[in-house]
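Listed below, chain by chain, are the residues.
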Amino acid sequence: MSATELPACEIEITNPVAPYLRQERLPHIWCPGCGIGTTVNCFTRALTDSGLDLDRVAIVSGIGCTGRVAGYMNLDSFHTTHGRAIPFATGLRLGNPDLAKVVVYSGDGDLSAIGGNHLIHAARRNMDLMVVCVNNFTYGMTGGQVAPTTPIGATQTTMPYGNFENPFNLPFLADACGAVYVARWTVYHVKQLAKAMLEGLKKKGFVFIEAMAPCPTLYSRRNRLGDGVDQLKYYKEKSKVVNGANTQDVGLTFQGDIVVGKFVDRERPTWLEAMNAHYTQHFGDKYTPYGGPHAQE
Amino acid sequence: MSDAAPVKKGKGTIFLTLEVCKGCSYCIDFCPAHCLEFSREFNRKGYHYPVLASPEDCTGCDLCGLYCPDFAIFGMRFKDIEQRRQAAAVEPLVPARG
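Presented here is an overview of the structure given in this document.

**A short note on the nonpolar core**
Residue and element names in this part refer to chain A.
So, point 1. Counting 58 residues, the largest nonpolar core has Phe43, Met73, Tyr105, Met130 and Met197 as the members making the most contacts within it.
So, point 2. Among the elements that take part in this core, helix H7 (residues 190-202) stands out by supplying seven residues, more than any other.
So, point 3. Excluding residues within four positions of it along the chain, Tyr105 makes contact with Thr39, Val40, Phe43, Ile59, Val60, Ser61, Gly62, Thr66, Val69, Val132, Val134 and Met197.
So, point 4. Of all hydrophobic cores here, the second largest spans 29 residues; its members include Ala85, Ala122, Ala174 and Ala245.

**Remarks on the packing of helix H5 (residues 116-125) of chain A against helix H6 (residues 170-177) of chain A**
To characterise two packed helices, one gives the angle between the axes of the helices and the distance between these axes.
All names here are of chain A.
So, point 1. Following both chains from N to C, one finds H5 and H6 inclined at 40°, their axes separated by 7 Å at the closest point. In this view, H5 runs oblique relative to H6, as classed from their interaxial angle. Contacts from Leu119, Ile120, Ala123 and Arg124 in H5 reach Leu173, Ala174 and Cys177 in H6.
So, point 2. Considering only residue class, the contact of H5 with H6 consists of six nonpolar, no polar and one charged.

**Considering the sheet that holds strand E8 (residues 207-212) of chain A**
Residue and element names in this part refer to chain A.
So, point 1. Strands sit in the order E2-E1-E3-E4-E8-E7-E10-E9 across an open sheet of eight strands; the sheet is mixed. Because the sheet does not close on itself, it has two edges, and the strands there are strand E2 (76-79) and strand E9 (239-241). Strand-to-strand twist in this sheet, taken as the mean axis angle between neighbours without regard to direction, amounts to 20°.
So, point 2. Bridge analysis of E9 against strand E10 (residues 258-265) gives three bridges, and the strand direction is parallel.

**Quick look at the packing of helix H1 (residues 36-50) of chain A against H7 of chain A**
All names here are of chain A.
So, point 1. In contact at an axis separation of 8 Å, H1 and H7 are set at 50° when each is read in the N-to-C sense. When the interaxial angle is binned, H1 and H7 end up oblique. For the crossing formed where H1 meets H7, the hand is right-handed. Of the residues in H7, those touching H1 at Thr38, Thr39, Cys42, Phe43, Arg45, Ala46, Leu47, Asp49 and Ser50 are Val190, Leu193, Ala194, Met197, Leu198, Leu201 and Lys202.
So, point 2. Its residues assigned to classes, the contact of H1 with H7 shows ten nonpolar, three polar and three charged.

Procedures and definitions
- Residues numbered from 1 in each chain as written.
- Chains lettered and ligands numbered in written order.
- Predicted model: local features only at pLDDT ≥ 70, side-chain atom pairs only at ≥ 80, totals over all residues.
- Heavy atoms only, no water.
- Core = buried A, V, L, I, M, F, W, Y, C linked by side-chain atoms within 4.5 Å.
- Buried < 20%, exposed > 50% of the residue type's maximum accessible area, 1.4 Å probe, protein only.
- Helix = DSSP H or I, 4+ residues; strand = E, 2+ residues; numbered from the N terminus.
- Contact = heavy atoms within 4.5 Å.
- Axes fitted to C-alpha atoms, helices over the stretch in contact; angles between N-to-C directions.
- Parallel < 35°, antiparallel > 145°, perpendicular 65-115°, else oblique.
- Nonpolar A, V, L, I, M, F, W, Y, C, P; charged D, E, K, R; others polar.
- Pairing = 2+ DSSP bridges.
- Left-handed = near helix turned anticlockwise from the far one by under 90°.

Spatial relationships are all this shows, so hold off on functional conclusions.
The structure is reproduced here in structure tokens:
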């Protein structure tokens, strides 16, 4: 039977994530059981639901396993130097205020260790960014060194007898520095994570979303915690949803209880709004407010 | 058996890109209808991939698609597939089951 005699073909059904990915770069390098891909799923669902013009969405990431997200997303994406995702995104946001959303998608080691200073100052200025911090409690790409988020008691390659350093409580840090939206979800809470990302995409100001993800190859294996799916079962068992919880009380302990939820949702003028308001007050009509044609949306 | 139960028909199905699956079992463990299980066969990279063991239970909710870290699997409701087919104005290759 020749091809022309075939009936008109059936419709092509593609994965809803597929249009957002650079297909030529797949399959990705993340390990089996790694949670980063799941957060990407949630992010693409949030992008679909937000209805944003994808030509005006940019994604920036630093170095690390999570830093590869920018390379896999079929958006305007930038893979920056280690820890400098937020300063790059700040420049992008201010250089082109017409962008609908600038998303920083990076890991805990990139954002809170080498980029920690940038994180606190972007939050202090309330720069209009959405920061997704995928927290896997370790430096995954470089071989499992202790990260600023590694809980006390966890074994890592540079702490073979267990970690004794006090870890960061990232939501508390972001809240204290003035982020307008702070949430924490785990990779088990896919629907809630997608909803948090949707709210973050619609929110003006510094949005900080922590997504806890398993690292089966380094963190789980060193600590004999099983596979990625065993970590998800631990998240399911030990997580407690407390929306609006005091961020001081949401610190993480080794295999202990996890408080998840939307912790902070408040309004503050963003850096650009504050600058325009300040100079308009100062110079009156002589000052032209800075912003693109879509800035008033 | 004299009074055979009516055959239960699923509301949806899954689609799988077999070769990108890494066998993490997220979809199998967290399927709300428990309708997936590991295959006996391997894919080209040597992983067991999920198969739809009980298609009559699948609702096409796409939670597997939301969990899948490798973008390999997704679910879809028959209703939505039919809607797309009508929107594309294409004759179905296989007549819909009654």
